[in-house]
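One letter stands for each residue in the lines below.
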Amino acid sequence: MMNIGIVSYGAYIPMNRIRIEEIAETWGRNPDDIKKGLNVFEKTVPSPDEDTATISVTASRYALSRVNIDPKDIGAIFIGSESHPYAVKPTSTIVGEAISAVPELMAADYEFACKAGTAAIQNCMALVRSGMIRYGLAIGADTAQSAPGDALEYTASAGGAAFIIGKEKVIARINCTCSFATDTPDFWRREARKYPKHGGRFTGAPAYFRHIIGAAKLLMEKMKTKPEDYDYAIFHQPNGKFPVTVGKRLGFDRKQLEQGLLTPYIGNTYSGSSPLGLCSVLDVAKPGDRILMVSYGSGAGSDAFDITVTDEIENFDRDKAPTVRELMERKRYISYAIYAKYRNLLYWE
Amino acid sequence: MGLAVPRFWREIPYRYNLIGSRCKVCNRIFFPPREVCPYCRRKSLGKMEEMKLKGKGRLITYTIIYTPPSNFENQVPYAVGIVELDEGPRITSQIVDCDPEKLKIGMRVEAVFRKIQEDGDTGAIYYGYKFRPVGEDEDKGETG
């Protein structure tokens, strides 16, 4: 079997944080109800000069700084996001230029709500397996939009993760991946609209839970595994509650979820969500550790991955770039007024 | 008022990747890159080579902007400083991810990739380097 998997990874989250109290008090809501209801305490906020391109570039540079790879050997860059800075003009070429991977490069931007980043990993795997490329760079990143006062405002945040996929010096082998997708209108944003709409409670059972459980079960059937075979499990994290509930339903305990569960302190980074959880696990993983990751994108679909950490992680320079925990500690709190200014919620001429 | 798109496009290597140049006669390093070394002059012809700068350095001096040009209103107050890179060249840049009041001359900084400017809501977005202060314990990762 060809060893295809993660050769390196990098994470990035902006340093601004807003507490749930700030948002709840602005809209006259009880912050304790919201914190308890969502299991979220604060979220990241991008600075006015940060967007999906800058987050992707930073995460990619961190990934490259951990390995000795010539960027020219990266044959494909795919970026999954629902907040690409341009409607027409790729983010992937900006990243390609910023890491000196151009011009012999396949570059494309992906969209599938919060799961486009894991779709990018799957496509890089396929291209490496077919021999069309030596390395692929798969990125999931977002600066998520939420209408002022909407329930999404408590969680929609910013961050991203980049993975170099290849077959040489693989630190985490991807044993299997599979997907589960149906037409389920739980969340959408129409063309040229600033903020998304969602189906409220409809985003739960028929959407998030059905697809994550569907993909996870499909994967475990294929691999003939059970929840207890995994050291870590990462599920898409739109809030701090859903991933814990879905884990429980599938038979995973809290200990398997803890290391990859970031939403309570960084919010929902959309396309960055499960990929950042995977980065956090890789920050501490040891050879032989087995990881289950299942993303979720509204609309709707899930990609599931069965991953084994290899001995190569012992030779891997994790310290050459910040860990997810280090990035989480780098923070400054902002008020709702500053948040409104940074997120362009105010209008003036 | 934005940059002309072709002008920005020509400068992408310098703005994205801090590509400077080195004179192979006297070893001086320049940013932005020069075709001819102003010290060695004709002796440097054909002997200037491109060089990627690491994006680490220290803050030489700075100012805090309270009255910004248009399109920078939402960042006020922000700092603009002169950074001396470890390789030698000094460059002017916005200093971000900091409380401008807490900046100190001599502090270590590293390059970050940020949005520099945009031509309103409909125009092009220009990216490039800015710098941010780094603590000694977090001086890792190539972000410039």
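Everything numeric here is computed off the predicted structure, so don't read it as measured data. (Residues numbered from 1 in each chain as written. Chains lettered and ligands numbered in written order. Predicted model: local features only at pLDDT ≥ 70, side-chain atom pairs only at ≥ 80, totals over all residues. Heavy atoms only, no water.)

Turning next to the overall build of chain A. For chain A, the count of helices and strands is 12 helices and 14 strands. For 349 residues, the compact-globule estimate of 2.2 N^0.38 gives 20 Å, and chain A sits close to it at 19 Å. Overall, the C-alpha framework of chain A stretches about 55 × 45 × 35 Å when taken along its three principal axes. Here chain A holds 349 residues, and the buried ones make up 64% of them. (Helix = DSSP H or I, 4+ residues; strand = E, 2+ residues; numbered from the N terminus. Rg over C-alpha atoms; globule rule 2.2 N^0.38 Å. Buried < 20%, exposed > 50% of the residue type's maximum accessible area, 1.4 Å probe, protein only.)

With that settled, the discussion passes to the domain arrangement of chain A. Residue and element names in this part refer to chain A. Along its sequence, chain A is organised into domain 1 (5-172 + 314-342) and domain 2 (174-313). One C-alpha centre belongs to domain 1, the other to domain 2, and the line joining them spans 16 Å. Listed per partner, the contact involves 61 residues of domain 1 and 57 residues of domain 2. Summing the contributions of domain 1 and of domain 2, the shared interface buries around 4800 Å²; its carbon and sulfur component is 61%. Its largest share of buried area at the contact with domain 2, domain 1 owes to Cys 114, Glu 314 and Arg 318, together 12% of the area lost on that side. Applying the counting rule to domain 1 against domain 2 returns 1 salt bridge. For Lys 115, the salt bridge goes to Asp 303, with nearest N and O atoms at 3.1 Å. For the pair domain 1 and domain 2, the interface holds 36 residue pairs in polar contact (both at pLDDT 80 or more). When the residues that make up the side of domain 1 that touches domain 2 are grouped by side-chain class, the tally is 29 nonpolar, 19 polar and 13 charged. (Domains from an automatic or database assignment. Contact = heavy atoms within 4.5 Å. Buried area = accessible area lost by both parts, 1.4 Å probe. Salt bridge = Lys/Arg side-chain N within 4 Å of Asp/Glu carboxyl O. Polar contact = N/O pair within 3.5 Å; in protein donor to acceptor, adjacent residues only side chain to side chain. Nonpolar A, V, L, I, M, F, W, Y, C, P; charged D, E, K, R; others polar.)

On to the packing of helix α3 (residues 52-65) of chain A against helix α4 (residues 91-98) of chain A, then. Residue and element names in this part refer to chain A. In the contact formed by α3 and α4, the axes pass within 9 Å of each other and the chain directions differ by 40 degrees. Between α3 and α4, the interaxial angle falls into the category oblique. Judged by the twist between their axes, the crossing of α3 over α4 is right-handed. Contacts from Thr 52, Ala 53, Ser 56, Val 57, Ser 60 and Arg 61 of α3 reach α4 at Thr 91, Ile 94, Val 95 and Ala 98. Each residue belonging to the contact of α3 with α4 can be placed in one class, and the counts come to 5 nonpolar, 4 polar and 1 charged. (Axes fitted to C-alpha atoms, helices over the stretch in contact; angles between N-to-C directions. Parallel < 35°, antiparallel > 145°, perpendicular 65-115°, else oblique. Left-handed = near helix turned anticlockwise from the far one by under 90°.)

To continue, consider the nonpolar core. Residues and elements named next belong to chain A. With 80 residues, the main nonpolar core has Ile 6 and Phe 163 as its most contacted residues. When residues in this core are grouped by element, the largest group, 8 residues, is from helix α5 (residues 116-130). If near-sequence neighbours (up to four positions away) are discounted, Ile 6 is found in contact with Phe 163, Ile 164, Ile 165, Val 170, Ile 171, Ala 172, Ile 174, Leu 278 and Leu 282. Grouped together as the second largest cluster of nonpolar side chains are 23 residues, Cys 176, Ala 216, Phe 235 and Leu 257 included. (Core = buried A, V, L, I, M, F, W, Y, C linked by side-chain atoms within 4.5 Å.)

What links the strands of a sheet is backbone hydrogen bonding, and the strands pair in either a parallel or an antiparallel sense. All names here are of chain A. Reading across the sheet, the 3 strands line up as β3-β2-β14 and stay open at both edges, with mixed pairing between neighbours. Edge positions in the sheet fall to β3 (42-45) and β14 (332-333), since each of these pairs with one other strand and no more. Relative to β14, strand β2 (residues 16-19) runs parallel, the two being bridged by 2 bridges. Directly across from Asn 16, in β14, lies its bridge partner Arg 332. (Pairing = 2+ DSSP bridges.)

All right, on to the packing of helix α6 (residues 204-223) of chain A against helix α7 (residues 242-250) of chain A then. The description of two packed helices rests on the angle between their axes and on the distance between the axes. Residue and element names in this part refer to chain A. Where α6 meets α7, the closest approach of the two axes is 11 Å, and the angle between their N-to-C directions is 45 degrees. By the angle between their axes, α6 is oblique relative to α7. Crossing of α6 against α7: the hand is right-handed. Judged by residue contacts, Gly 204, Tyr 208, Phe 209, Ile 212, Ile 213, Ala 216, Lys 217 and Met 220 of α6 engage Phe 242, Pro 243, Thr 245, Val 246, Arg 249 and Leu 250 from α7.

Moving on, we get to the pairing of strand β5 (residues 106-110) of chain A. Residues and elements named next belong to chain A. Summarising the sheet, strand β4 (residues 74-80) and β5 pair through 5 bridges and their orientation is parallel. Among the inter-strand pairings, Gly 80 is bridged to a residue of β5, identified as Tyr 110. Crossover β4 to β5 through α4 is right-handed. (Right-handed = clockwise from strand over helix to strand, strands pointing away.)

If you look at the interface, chain A gives 31 residues, while chain B gives 25 residues. Taken over both partners, the interface formed by chain A and chain B buries close to 2300 Å², and the fraction arising from carbon and sulfur atoms is 49%. At the boundary of chain A with chain B, the tally comes to 3 salt bridges. Of the charged contacts in the structure, one is a salt bridge between Asp 49 of chain A and Lys 130 of chain B, with a shortest N-O distance of 2.8 Å. Sorting the residues of the side of chain A that touches chain B by element identifies α3, α4 and α12 (336-342) of chain A as the ones contributing at least two each. Taken together, the residues that form the side of chain A that touches chain B break down as 15 nonpolar, 5 polar and 11 charged.

Residues and elements named next belong to chain B. Counting across every chain of the model gives 21 salt bridges over all chains. The residue Glu 84 makes a salt bridge to Arg 58 at a minimum N-O spacing of 3.5 Å. Placement of the pair is Glu 84 in strand β5 (residues 78-85) and Arg 58 in strand β4 (residues 56-65), with a sequence separation of 26 residues. We classify Arg 58 as partly exposed; its relative accessible area is 35%. Among the ionic pairs, Arg 132 bridges to Glu 110, the shortest N-O distance being 3.2 Å. Remark: Glu 110 occurs in strand β7 (residues 108-118) and Arg 132 occurs in strand β8 (residues 125-133); sequence separation between them is 22 residues.

For the rest of this paragraph, the subject is helix α10 (residues 273-282) of chain A. What sets the pattern is the α-helix's 3.6 residues per turn: residues three or four places apart point alike. Burial of α10 of chain A is extensive: 10 of the 10 residues sit out of reach of the surface. Listed in full, the buried residues belonging to α10 of chain A are Ser 273, Ser 274, Pro 275, Leu 276, Gly 277, Leu 278, Cys 279, Ser 280, Val 281 and Leu 282 of chain A.

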